[in-house]
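Chain by chain, the residues:
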Amino acid sequence: EPATVKKRVMIIGAGPAGMEAARVAAMRGHQVSLYDRGSELGGQTLIAAKAPGRDGFLDLPRYQTYQMKLLNVDVHLNIEVTAEMVKEQNPDAVVVATGSIPLIPDIPGVDKDNVVEVRQVLSEEVEVGNNVVVVAADGHIQSLSTADFLSERGKKVEVLGMDYYLGNKIEPATRQTIYQRLLQKGVTLTPLTWVKEISGNTVVTYHTLTHEERRIEGVDTVVIACGGKEDNALYYTLKDQVKEIHKVGDANGVRKIHNGTLDAAIVGRAL
C-alpha cells in the first residue's frame, strides 16, 4: 500500500536484504537512497556465485538491480558509510543492511599468513597453495562449495568438521550432488574432527569423540569456513541518534537469503 507519509529513506548495504528493503520502500512511494561499499550491487551473492554450479545466485541481484533502476532508487557505490555521513544526510529513516563478517574460530595459529577465509578464496583475493585444509563449521554449503572451487583448480583438498557429516544443514538433494562432485575429484571429507593448532605447514587435529590426535603435514593453505557474524556496529552507533532506524538481513542475524529478504520486506512495509 502507498505510504501515507512519504519519507527520505537511507539504506546502507546493497545485498539481497538492502535491495529488497529499497524495492518495497520505493514501491510505497518513499524517496530511497541506497549505499554500498562495493563496486557492484549484490553483496555476498556475488561471492557465492563464483563456486561451481552456484551461478544461479546471480539471478537475484540481476532482478533487484533492474528494480532499483525501474523504481528510481538513488544508488551510491564504492562508499563506506559512516555515522557522521548519516547524520549529515539527516534522513527520515535509516535501514542498516551491512551484512556479516567472517566468523573466525579461536584456534591457536589461526592468525598465521597461510590462513585465509572463504570469501577471500572465492573472490580470488589471496593465493592458495596446492595442499589445502578447509576448516568447516558452517553446516551449510559454503565450505563444500569452496572445496569444489579449489579442487577444480587442481588443489588437493581435505575438509574437516565437527559434525557427524559435513554439510548437515544442506537439503538432501543438494548434499548428494555436492558430495558426488567432491568425491569424484578426490576431495577428502573428514567429519567428527576439529583443529587443535595450526603451526606453520602442520595442522594438528583431534577426533571430537575419541580425542585421538592427528597431524596433517605439508599444508600450504588453511581455509576457514565457519560462517559469519553480524556486522551491525553502525546500527548500534546510530541507534539513539536518528529519527528511525531498522536493521535487516545478516546484520539482524546471520541466516539464509530468504530470511534476510523477508526481514527487509517487512521493514519496507513498516516504514
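For the structure itself, look to the data block above.
Conventions and cut-offs
- Residues numbered from 1 in each chain as written.
- Predicted model: local features only at pLDDT ≥ 70, side-chain atom pairs only at ≥ 80, totals over all residues.
- Heavy atoms only, no water.
- Phe/Tyr/Trp six-rings, centres within 6.5 Å; stacked < 30°, edge-to-face > 60°.
- Lys NZ or Arg CZ within 6 Å of the ring centre and 35° of its normal.
- Helix = DSSP H or I, 4+ residues; strand = E, 2+ residues; numbered from the N terminus.
- Expected span 1.5 Å × (residues − 1).
- Buried < 20%, exposed > 50% of the residue type's maximum accessible area, 1.4 Å probe, protein only.
- Arc of directions from axis to C-beta.
- Contact = heavy atoms within 4.5 Å.
- Polar contact = N/O pair within 3.5 Å; in protein donor to acceptor, adjacent residues only side chain to side chain.
- Pairing = 2+ DSSP bridges.
- Axes fitted to C-alpha atoms, helices over the stretch in contact; angles between N-to-C directions.
- Salt bridge = Lys/Arg side-chain N within 4 Å of Asp/Glu carboxyl O.
- Right-handed = clockwise from strand over helix to strand, strands pointing away.

Moving on to the packing of aromatic side chains. Taken as a whole and assessed by the stated rule, the structure comprises 1 aromatic pair. A cation sits over an aromatic face here: Arg-153 above Phe-149, 3.7 Å from the ring centre.

For an α-helix the count is 3.6 residues per turn, leaving residues at separations of three or four pointing the same way. With 13 residues, helix α7 (residues 172-184) should reach 18 Å at 1.5 Å per residue; the first-to-last C-alpha distance of 18 Å fits that figure. Along α7, the residues classified as buried are Arg-175, Ile-178 and Leu-182. On an axial view of α7, the arc spanned by its buried residues comes to 75°, and they lie on one face. Facing away from the buried side of α7 by over 90 degrees, the exposed positions are Pro-172, Gln-176, Leu-183 and Gln-184. Looking at the buried residues of α7, the elements they touch are α6 (142-152) and β9 (188-190). You can read the cap of α7 off the contacts: a side-chain oxygen lies 3.2 Å from the backbone nitrogen of Ala-173, and it is on Glu-171.

With that out of the way, let us pick up the sheet that holds strand β10 (residues 193-199). Neighbouring strands of a sheet are bound in pairs by backbone hydrogen bonds; such pairs are parallel or else antiparallel. Pairing is antiparallel in the open sheet, where 3 strands are placed in the order β10-β11-β12. Every interior strand has two partners, whereas the edge strands, β10 and β12 (213-216), have only one. The mean inter-strand angle of the sheet, taken between neighbouring strand axes irrespective of direction, is 25°.

Looking now at the pattern of salt bridges. Within the structure shown, the criterion is met by 14 salt bridges. Here Glu-20 ties to Arg-23 by a salt bridge, and the two come within 2.9 Å at their closest N and O atoms. In this pair, Glu-20 and Arg-23 both sit in helix α1 (residues 16-27), 3 residues apart, roughly one turn of the helix. Under the relative-accessibility criterion, Glu-20 is labelled buried at 11%. Its salt-bridge partner being Glu-158, residue Arg-214 comes within 2.8 Å of it at the nearest N-O pair.

To continue, consider the pairing of strand β11 (residues 202-207). Relative to β11, β10 is paired through 6 bridges, and the arrangement is antiparallel. Following the sheet pairing, Glu-197 is matched in β11 by Val-204. Between β10 and β11, which follow one another and run antiparallel, lie 2 residues, and Gly-200 among them has a positive phi close to 60°. Summarising the sheet, β11 and β12 pair through 4 bridges and their orientation is antiparallel. Considered in β12, the bridge of Thr-205 is made with Arg-214. What sits between the antiparallel neighbours β11 and β12 is a turn of 5 residues, in which His-211 has the positive phi angle 65°.

For strand β2 (residues 31-35), a buried count of 4 out of 5 residues is recorded, marking the element as mostly surrounded by other parts of the structure. Each parallel crossover has a hand, and the one from strand β1 (residues 8-12) via α1 to β2 is right-handed. Sheet topology places β2 next to strand β3 (residues 74-76); 3 bridges connect them, and they run parallel. If you follow Leu-34 over to β3, its bridge partner there is Val-75.

Quick look at α1 now. End to end, α1 covers 16 Å across 12 residues, agreeing with the expected 16 Å (1.5 Å per residue, within 8%). The buried count for α1 comes to 11 of 12 residues, which makes it a mostly enclosed element. All of the buried residues in α1 are Pro-16, Ala-17, Gly-18, Met-19, Glu-20, Ala-21, Ala-22, Arg-23, Val-24, Ala-25 and Ala-26. Close packing links the buried residues of α1 with β1, β2, α2 (45-48), α3 (59-70), β4 (93-96) and α9 (257-270). Following α1 by one or two positions, Gly-29 has its phi on the positive side, about 105°.

Attention now goes to the sheet that holds strand β13 (residues 221-225). The strand order across the open sheet formed by 5 strands is β6-β13-β7-β8-β9, and the pairing between neighbours is parallel. In the strand order of this sheet, the two ends are held by β6 (115-117) and β9, each with one partner. This sheet shows a mean twist of 20° between the axes of neighbouring strands, independent of strand direction. The sheet contact formed by strand β7 (residues 131-136) and strand β8 (residues 156-161) spans 6 bridges and is parallel. The residue bridging Val-133 from the neighbouring strand is Glu-158, located in β8. Sitting on the sheet, α6 is in contact with β7, β8, β9 and β13, with an inclination near 170° to β8.

These values are about where atoms sit, not about what they do.
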